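Each chain, letter by letter, is given below.
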Amino acid sequence: HRAKSAQRNRKSGGEDESRTMDKEPSLPVGLSVHNVIARPERKDHYGATRQSSRAGLLAEGDGAAAGLADAPPPTQSCPRKAYSKWTAVYAKHSFLILVIVAILVAYAYPPLGAKYLAPDITATWIAVMFIFVLAGMGIKTEEFAKAFQRLGFNAFVQVFNFGACSGIVFGFSRLMLMAGALPQSLADGMTICACLPITVNMVLVLTKSAGGDEASAIFNAAFGNLTGVFLSPALILGYLGVSGSVDLGRVFFKLGLRVVLPIAVGQVLKNYVPAAKEFVKRYKKYFKKAQEWALVFIVYTVFCKTFFKGSDATVGDIFIMIAMQLVCLTTVMATAWTALRILFRDEPKLQAMGLFGCTHKTVAMGVPLINAIYEENPMVGLYTLPLLIWHPMQLVLGSAVAPRVAAYVERREKELSMVDSKDTTGDEDACVNEEVSNVEGDRTQSEVEMGESTRSIK
């Protein structure tokens, strides 16, 4: 009888244990099954011990899951990390990197680009005309209607960019030439660089980041590039004169065929051929990259000519020229900023745009123009080199001063708004005082009339 009752108790205890196990929560992630094997509950006072051990296992599983979630991501290998950094740098400075590589390749074997690639056809005609057709499609002539909205400011930007900038750099280069610090080719190249028109994309990007007037940036970039096709060659030949290697009539004839005609074709395609406009717009990224490669190819061929025929400049002269370009650029920027602060003191957005618009020079139109004017000159590579130095330098300096200019524009706008609000409040107070005085005058006049009527009645 005792054995049968003990057997029944063991069976009932096993069933209670199974029911208790079914009601317990599931195991957390990261905890193996063999760690949780339920022991039979033989006595009641063991229950607390068993539950506490199971709670500890549950806490251990939660900690393992949390450890897996908080674990750091797998680190990249050194070659992959270096490759990702290189792609980021190349994407940001692709043109500068390609130009440096092109110059080094041209120095390694000049005859390839000077003779075998037929640069007189591929570089001076095909590449140049391709660049200017795209430039013609990008020039927004519809912005010219806005010229009279800020006529004084737009005239100042164009006159300073073409006239003052070129005059300052020309005087500085002649001074260095007289002192014997620079050879003739690099001094002339600095002057040629200063005679070129304004950039398009770079001025717009820096104006936007500095809080400047974007509409004025678009207009001046478009107008400056179109004007520069005619004005830049005239300034270059006016400063440097017509040398024996330059035939003036032939130069303007080639400029008409290689520059003016492609720009006109680009304008026609943009305004009257919607399919061509949409095609270029759809594949804008690829056309921009093709334009960049065409510029690099022109740079490569002109330096191949220079290295093939020899030059009058050494490596030391080139480094001196780089330092001189930095001095000229900072001087021109400081002069432009001072003049803008004086002439347009209540227009901080225009001041920000003018700082970049008055000093930037285009490489997209400058390299083909220089190649078209000095096609037969063996120093054409050194004439181009100062522009290739000025272009990245203006980007670096502009990016450095843009945050400070943006802070100045914001502060100046707040000051002007506060002055305007005070003037408006003063005008309102004057109007209120005038109304009060008029009311008091009317009241006095009515009192006098009432007194006279009272006396007449008496």
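Our subject is the structure that appears above.
The rules behind the values
- Residues numbered from 1 in each chain as written.
- Predicted model: local features only at pLDDT ≥ 70, side-chain atom pairs only at ≥ 80, totals over all residues.
- Heavy atoms only, no water.
- Helix = DSSP H or I, 4+ residues; strand = E, 2+ residues; numbered from the N terminus.
- Buried < 20%, exposed > 50% of the residue type's maximum accessible area, 1.4 Å probe, protein only.
- Contact = heavy atoms within 4.5 Å.
- Areas by Shrake-Rupley, 256 points an atom, 1.4 Å probe, with all protein chains shown as cover.
- Patch = residues over 30% accessible without salt bridge, like charges linked within 9 Å, V, L, I, M, F, W, Y side chains within 5 Å.
- Salt bridge = Lys/Arg side-chain N within 4 Å of Asp/Glu carboxyl O.
- Phe/Tyr/Trp six-rings, centres within 6.5 Å; stacked < 30°, edge-to-face > 60°.
- Lys NZ or Arg CZ within 6 Å of the ring centre and 35° of its normal.

(A) Summary view of the overall build of the protein. Within the protein, the secondary structure is distributed over 17 helices and zero strands. By residue count, 38% of the 458 residues in the protein fall in the buried class. Residue pairs in contact within the protein that sit at least 24 positions apart in sequence constitute 83% of those at least 6 positions apart. Total accessible area computed for the protein in this model is approximately 26,000 Å², and 63% of it derives from carbon and sulfur atoms.

(B) Seen up close, a nonpolar patch on the surface. Taken together, Tyr 109, Leu 112, Tyr 116 and Leu 117 make up a surface patch of nonpolar side chains, about 390 Å² in accessible area. Relative to the assigned elements, Tyr 116 resides in helix H5 (residues 110–116). The class for Tyr 116 is exposed, based on a relative accessible area of 54%.

(C) Up close: the packing of aromatic side chains. Applying the stated rule across the entire model yields 13 aromatic pairs. For the pair Tyr 107 and Phe 307, a centre-to-centre distance of 5.3 Å together with 80 degrees between the ring planes defines the contact as edge-to-face. Residue Tyr 107 is located in helix H4 (residues 94–108), and its partner Phe 307 is located in helix H13 (residues 284–309); the two are separated by 200 residues in the primary sequence. Geometrically, the ring pair formed by Tyr 374 and Tyr 383 is edge-to-face, given 4.9 Å between the ring centres and 65 degrees between the ring planes. In this structure Tyr 374 comes out as buried when scored by relative accessible area, which is 4%. One cation-aromatic arrangement involves Arg 258 over Trp 125; the distance from NZ or CZ to the ring centre is 4.3 Å.

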